[in-house]
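# Examining the three-dimensional arrangement
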Amino acid sequence: MNQIDISRRTFIRSSLAVGGGLMLGFHMPVSAEAAIVMGEPWKNPAEGVEINAWLTIDNAGVVTIRCPHTEMGQGGMTSVATLVAEELDVPWANVRCVLADANRFVTRGQEYKDMSTGGSNLVRNRHPHILQAGASARERLKEAAAKAWGVDRSKVVAKQGVLTSGDKKGTYGEFATAAAAVTLSEEPKAKAYKDWWLLGKDTPRMDVAVKVNGSAIYPIDVRVPGMVYAAVKSSPVPGGKLKSFNFDAIKGRPGILGVVELKQTKAKLQNADMRSAIAVVADSFYRAKTALDLMPIEWDLGPGADNSFEKMDKLARELMDKDGQHAEEVRGDPRPILAKGGKVVVGDYARPYECHVPMSPPAAVASVTAERVDIWSFTQNVAATLLMAADQTGRQPKDVYSHGVYQGGAFGLGNAIDLPRQAVEISKQIGKPVKVIWTREENILQARARPPIWAKFQAVLDDKGLPAAMISRAIGESEVPDYADRGIANMAYKVPHFRYERHIVPSNMPIGPNRAPGNNNNGFTIESFADEMAIAGGWDPLEWRMKMTEGNEPWQRVLAKLKEVSGFTTKLPKGKGMGIAVVESHGSVVGACATVEVSRRGALTIEKILIVSNSGYVINPRAASEQVYGSTAWELSHAMYGGLNLQGGRYQNVNFDTYKLMRFPDMPTVESVFAMSENNWWGGFGETAGPPTPPAVANAIFFATGKRIRTTPMLKHDLSWA
Amino acid sequence: MKKALVRIFVALVLAGAGAIAWAMRFPEIAPIAKPDAAKFDKELVKRGEKLAGLGNCHVCHTKPGGKEFAGGLALPTPFGTIHTTNITPDVETGIGSWSEQAFIRAMHEGVDRHGRNLYPAFPFDYYSKVTEADLKAIYAFLMSRPAVSQKPTDNSLAFPFNIRLLLAGWNFLFHEKGEFKPDPSKDAEWNRGAYLVEGLGHCGACHTPRNMFGAAPKSGTNVYAGAVAEGWYVPPLNASTPAPIPWTAKALVNYLIDGWDGHHGIAAGPMTAVATDLYEQSEDDVFAIAAYVMSIKGGPRPQAEQEKITTEALATATKLEWGHPEAPPVPNDPVMQKGAKVFEAQCSTCHKQGGKPAPLGLATVLYAPDASNLILATFKGIQPPRGVLDRSMPPREAQISDDEMTALATFIRARFTKKPAWTGTEALVKKIRSGAH
Amino acid sequence: MAVSINVNGKVHDVEVEPETPLLWVLRDTIGLTGTKYGCGIAQCGACTVHVDGQPTKSCNVNAASVVGKKVITIEGLSPDSSHPVQKAWLELTVPQCGYCQSGQIMSAVALLRRSPNPSDREIDAAMADNICRCGTYQQIREGIHAAAKLGNA
Ligand code: FES
Ligand code: FES
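Residues numbered from 1 in each chain as written. Chains lettered and ligands numbered in written order. Predicted model: local features only at pLDDT ≥ 70, side-chain atom pairs only at ≥ 80, totals over all residues. Heavy atoms only, no water.

## A few points about the domain arrangement of chain C
Residue and element names in this part refer to chain C.
- The domain architecture assigned to chain C consists of domain 1 (2-75) and domain 2 (84-150).
- Each of domain 1 and domain 2 was reduced to a C-alpha centroid, and the two centroids are 21 Å apart.
- The interface is formed by 16 residues belonging to domain 1 together with 14 residues belonging to domain 2.
- Taken over both partners, the interface formed by domain 1 and domain 2 buries close to 1,200 Å², and the fraction arising from carbon and sulfur atoms is 57%.
- Between the two partners, domain 1 and domain 2, sit 1 salt bridge.
- The interface formed by domain 1 and domain 2 contains 7 residue pairs in polar contact (both at pLDDT 80 or more).
- If you list the elements that add at least two residues to the side of domain 1 that touches domain 2, you get strand S3 (48-51) and strand S4 (54-57).
- The greatest single-element share of the side of domain 1 that touches domain 2, amounting to 3 residues, is contributed by S3. (Domains from an automatic or database assignment. Contact = heavy atoms within 4.5 Å. Buried area = accessible area lost by both parts, 1.4 Å probe. Salt bridge = Lys/Arg side-chain N within 4 Å of Asp/Glu carboxyl O. Polar contact = N/O pair within 3.5 Å; in protein donor to acceptor, adjacent residues only side chain to side chain. Helix = DSSP H or I, 4+ residues; strand = E, 2+ residues; numbered from the N terminus.)

Have a look at this one:
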């Protein structure tokens, strides 16, 4: 096998120097103000002195910050680095960032508190301890200088990498070693918002340089000496088992090294049970995959083989008209009021299964030797992957190394996947390092998809045309039914009498988090119905929302901004329409205004999506807006084109020819505007612009055509008008 | 020998007609100073741009990689190769010195400013139907394009076709003069459609077979009966279409705008540019075109019948798709086996059960009289029309040998249709490969 | 069987079946992992390289068919990320996860070579085959316009 040249000049080498010596090369970034190097710098003193688990400082004052979270395109590394640098107070040009070591994390008392990435949690919920890490390092540097100069720490100023006190002056680099030995009697407090110098600014993301020249390493790119390749197939129907296979039929093909059967096992760790699967191992992925495709395999598909979306849909629609199995009176009791009748508004909605399909098909490289286990995997949590590998191999966590690499998108799938188990199991059985790649087809078939949802709402309007009472009946599938509640049970519209009910439709399709889980579907249902109520009551949809959320400052702020910048109107000529929607999720309130044109034959053009976000604070407006563009495109993909076709217990559309995504020509202009409350509240950004987008489009289509879209994908509907 | 006789006959007829025409030849129209582009009314120019799109002017008057409207595209005709002219407002090499009147005369009569007859590859026999008002808009649009100095390439026509004067005779025989006259018995949409199809759209120029004089008749059974253009088979627009699912107005509208319809397939060859131009047009105009074309087909079928045929054809085609559990096995014949192997290797990633392309059994190209479109599409690939940019097909010329292509075409025709095998496929493959097609 | 392929100006003699897609030869045999696998069926553009200057989906051409031709991958675009498209991409921080970007960049470079100052319409047509799951389309559009300016400067 050809290895990439590894030379000290162009690569930082992480030499694991154990039996056989695993070596991995990573390109240095080409040019960037603040740059990232990858590897394991804590093992490399040349990188600087470790002040705490979060950072090292070298003689020249270069600070290397360790990011415990996954970089999957959301700008996680940059967020961590800016948070630390803000408190540390170093020139941004001196900042580097690396992915932190999971082995250290699990063996040394979890110094990073948490290495998981998801739920838009990084800034939202981790900022206190990340800021703390920077502040603590700064105070220790100050303490070291104070001691050296014989002054009190309060007399030392730390600013932009320089410590001063009177006429005394020194750099962070000079005091790094001394600072490493300092113990503080009391940890400092994080600084106030008004004192921010770096946060709140447009800092370019740090991971870009390696992503314009092909040098960023994703799990699928990892190459280690002696590595072989495996292609796997799990039962196409979840819960099915391998019955038989005929390895002899493919054994003689070039490069084939063996076959590994993977047994179904229940895992201790949530969401990562190993499915019954078969793997063909070869000296190249193409040979492994081609042989696997040709190998006769028989599955016992199990009872799941009868499952279909059509069946689920039929049952859900029957349940919609029945009282919910689970019910909650949120306010008052709407039932007697609805029973009396009057101006009643009813709407039912449904959305199908959807898959993450990160652009990088999931892949993992594992090396299981007598001494240690190494893994580079598709994941959103290197520490969880480490524990999973330890569990699978029966090793001590200290002997397992789960390496951080870039992720080619993950969107929730990286939290729930048995791929790393498969990789370590195959390596264990064949005794060689192995790279396992899921084909796109396997990725979709094995997806822990976004669940489908159904909802039926009924409301009765008062004499002002506002809802007096409302019943919401959500229908979720049985694997993760709670996703059916999010954003509905606690909706912001204070209908005086409101009751929430839920039904469950049985299904065995695995479910997992998927960018804005729950809210992504429920935003569509509730915000479409909000427009239906407003229109039935003779209200302008924007004014209606203002009225219904009176006193709710974050909502009012977003709605006021929407009104100010969107030019929203319901009075456009036929064929044109604007629609609005607001969804609160992941700690943020986000409004969308869609402008669409629907031609006579029903061709839809989404001209523009305006997104107004209120996350309290925003630490990097530029990076936040990039997430806005991305999550808008993401939700539009599903709402317009998506829909996994579940038939015969498995998804039938398993590649991009049949599972369609948003493409370049259809992408509307997205504008991102902020309306921040700025009152010590931190919301998420990685997935919050998605949920309000589809309902805004559906509401706009209504004004353009008079047609109410109640299911997605929207483009399946005939939108033509005469 | 036969060919020579035909040629003599043609020459005699044309010469006779030419003599008659001599008396009615056209005078030169005096050159004008190049009009100031800024002086044209903006709205008029905009309207002209749309109309020029409906007439597909840029398609012929632009050579590959060349400046738009500067001409130079080689048009192979049975009589030799014609090169399109420069219609940018360049005074020396283009139409910069043409007055509006000269332009209108060219469009209506097929003569240039000097009074010389133009070859009917320029479809003035259709453009003559266009109203003066529309032509003035197109003139304003063309005259406000950037002037490009590019000398027209000389045509290489064989005797006697290189004698321009004979074209006057052609005109006399085949050119029906006069702008479009609406038919009061039909509704406004139909009339608009007829105006566009018979005029600027010049659909018949490709869809009507030309007679031995290279003229496309405007009446008779042959009108819109399908033909060959630039080597591509052009399916009929009339009731004789071989498409397994009959066209509906809605399918036509979608096909014309997107260049694709799920029950018929994708526009390819010269039709790609037509669909791309229509993508930019007002949808009402395309609805009008569809209404008129439907009347050429003899009107829509009763809905129940249409639905029945559609359901059945769709079911049959779906079952024949590659990978369908009920698909028939490949016959034990070496050519079929070979074709199937090539299909599996080169085509089946996309053309498969539930795949993105329309089912092959519904694709009109498989019902064509010969394999030319199939071979051309396979070798050259399909550039997607503007309305469906993600539906391209990569060229396979380098990956498929002549033998393989022949076997592939034979296999595809047998597998996906019930039609008799194509003949002459092997020779066609060679011809297309050599570029002589 | 040995196939001889010219990649980024260097000739590689590789032992692969001639029908092996170029994508896997580049990634697994030659070790140039900048070219990505996304779908394997010519639908996503992640694997786009240039073959004799033409943007080509490397998952959809086999090794044998590029013999005697010049293949350029993202690694061969410039030695130091100095190509105008790369510069524009850096300036505008176009990539998010980055996985699709090799393909996006190769398609954009080919477009700019054909049409140094492309209209939005041309961009749509040239980029329609490249999916970006992170939804960076808007920034790619800006990036292409910016690169066009850089290229002309
Ligand atoms: S991997 Fe080649 S186009 Fe998707
Ligand atoms: S940047 Fe992630 S797929 Fe395009």
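There is more to say after this.
## Side note on the interface of chain C and chain A
- Contacts between the two partners involve 56 residues from chain C, matched on the other side by 64 residues from chain A.
- Each partner contributes to the roughly 4,800 Å² buried at the junction of chain C and chain A, and carbon and sulfur atoms together form 57% of this total.
- Our enumeration of links across chain C and chain A arrives at 3 salt bridges.
- In this structure, Arg287(A) engages Glu17(C) in a salt bridge whose closest nitrogen and oxygen atoms are separated by 2.6 Å.
- Put simply, chain C and chain A have 32 residue pairs in polar contact (both at pLDDT 80 or more) between them.

## Some points on the nonpolar core
- One finds Leu55(A), Tyr353(A), Ile426(A), Met470(A), Val697(A) and Trp89(C) to be the most contacted residues of the largest nonpolar core, which totals 261 residues.
- Not counting residues within four places of it along the chain, the set of residues in contact with Val697(A) comprises Ala594(A), Val596(A), Ile606(A), Ile609(A), Leu636(A), Met640(A) and Met714(A).
- Core analysis: the next-biggest nonpolar cluster, separate from the first, contains 58 residues, Ile87(B), Met107(B), Tyr255(B) and Phe287(B) among them. (Core = buried A, V, L, I, M, F, W, Y, C linked by side-chain atoms within 4.5 Å. Buried < 20%, exposed > 50% of the residue type's maximum accessible area, 1.4 Å probe, protein only.)

## Some thoughts on the pairing of strand S2 (residues 10-15) of chain C
Residue and element names in this part refer to chain C.
- Bridge count between strand S1 (residues 2-7) and S2: 6 bridges; the pairing is antiparallel. Residue pairing in the sheet places isoleucine 5 in a bridge with histidine 12 of S2.
- The antiparallel hairpin formed by S1 and S2 contains 2 residues in its connecting segment, where asparagine 8 sits at a positive phi of about 50 degrees. (Pairing = 2+ DSSP bridges.)

## Here we look at the packing of aromatic side chains
Residues and elements named next belong to chain A.
- Using the criterion set out here, one finds 35 aromatic pairs over all chains in the structure.
- Ring centres of tyrosine 349 and phenylalanine 524 lie 6.2 Å apart, and the angle between their planes is 85 degrees; on these two criteria the pair is classed as edge-to-face. Within this pair, whereas tyrosine 349 is found in strand S17 (residues 343-351), its partner phenylalanine 524 is found in helix H12 (residues 519-536), the two being separated by 175 residues in sequence. Assigned by exposure class, tyrosine 349 and phenylalanine 524 land together as buried.
- Put simply, the rings of Tyr193, Trp196, Tyr617 and Trp682 touch in pairs and so form one group of aromatic residues. (Phe/Tyr/Trp six-rings, centres within 6.5 Å; stacked < 30°, edge-to-face > 60°.)

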